[in-house]
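# Structure at a glance
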Amino acid sequence: TEARDIWGLFGSTNLTTRTWLGHDSSWATNPGSWYPAIVPTDGDNVVLDGTSDDFMNWNLDVGPGSWMQEEGYSGTVRVLTKYPGKGSYTNFHVAGNCTIEGGDITCPTNTGGAVEVDRLAMTVEGDFMLGTNARVFLKGRGYTGNTGPGGYPAQVNRDSADGFAASHGGLQTVRRHAADR
C-alpha cells in the first residue's frame, strides 16, 4: 500500500524528490539550483513550491517521475523543446502525474524566423491538472506570426478574411480532479 499511496501523491513510486531553488542560475542543469544540490534524473519527482519563485529554463532531456508546480510557486518554467530536426530535445516527458497549481509553463518565442524551431511538446503518462492560479502560456509561441494552422496565406486580405482558426494539440482524455468527482 505504500507504493499505492506514493503513486496517489506523485503518480510515481520513486521516492527521490528534487525541489527547485533557482538561486544559482535559471538553468535546470545547474546543481546549485536544486535541493538537494543534484540535477534531476529520469524518474525523479520535481517540485516547484514557495521555496522559490525564480524563473526556470528546463533544458534537461530526462523524464521526471512526476512534475508538481505547487500553488506557492508563482514563477515561470520555460521548457526548451524543439521541433524534430531542429534540436535533440523534442519532447518533455513526465512518466507520472503533472500538476501545475501555480506559476506558468511555456516555451520560448520562436527563434527560427520563418522556420519553426521552438515549441512546447509534452507527454504526460499520468494525470494532468492545471489549477486556477496557473497557466500554460503559449501566446506568440511556437509558430512564427501568421503561419502554421490558422495562419493567413500571403494572398489573403486579413481585414476581410473569414473563417481562419488555429488548432494545437490532439486527441486527449480529460479527467476531473478526484476532489471534483
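Before going into details, it helps to say that this report is about the structure given with it. (Residues numbered from 1 in each chain as written. Predicted model: local features only at pLDDT ≥ 70, side-chain atom pairs only at ≥ 80, totals over all residues. Heavy atoms only, no water.)

Positionally, Asp 118 belongs in the loop between β8 (98-106) and β9 (122-124). Those residues in contact with Asp 118, other than ones at most four positions away along the chain, are Thr 81, Lys 82, Tyr 83, Pro 108, Thr 109, Asn 110, Thr 111 and Gly 142. (Helix = DSSP H or I, 4+ residues; strand = E, 2+ residues; numbered from the N terminus. Contact = heavy atoms within 4.5 Å.)

Another point: a nonpolar patch on the surface. Residues Phe 128, Leu 130, Val 136 and Leu 138 make up a contiguous nonpolar surface patch of roughly 310 Å² in combined accessible area. Its location among the elements puts Leu 138 in the segment after β10 (128-137). Overall, the relative accessible area of 41% leaves Leu 138 in the partly exposed class. (Patch = residues over 30% accessible without salt bridge, like charges linked within 9 Å, V, L, I, M, F, W, Y side chains within 5 Å. Areas by Shrake-Rupley, 256 points an atom, 1.4 Å probe, with all protein chains shown as cover. Salt bridge = Lys/Arg side-chain N within 4 Å of Asp/Glu carboxyl O. Buried < 20%, exposed > 50% of the residue type's maximum accessible area, 1.4 Å probe, protein only.)

This part takes up the side chain of Ser 66. Relative to the elements of secondary structure, Ser 66 occurs in strand β5 (residues 66-69). A distance of 2.8 Å separates polar atoms of two side chains, one belonging to Ser 66 and the other to Asn 45. (Polar contact = N/O pair within 3.5 Å; in protein donor to acceptor, adjacent residues only side chain to side chain.)

This brings us to unusual backbone geometry. Cis rather than trans, the peptide bond between Tyr 35 and Pro 36 has omega equal to -10°. The residue Pro 36 is located in the loop between β2 (34-35) and β3 (45-48) in this model.

The values are spatial; any link to function lies outside them.
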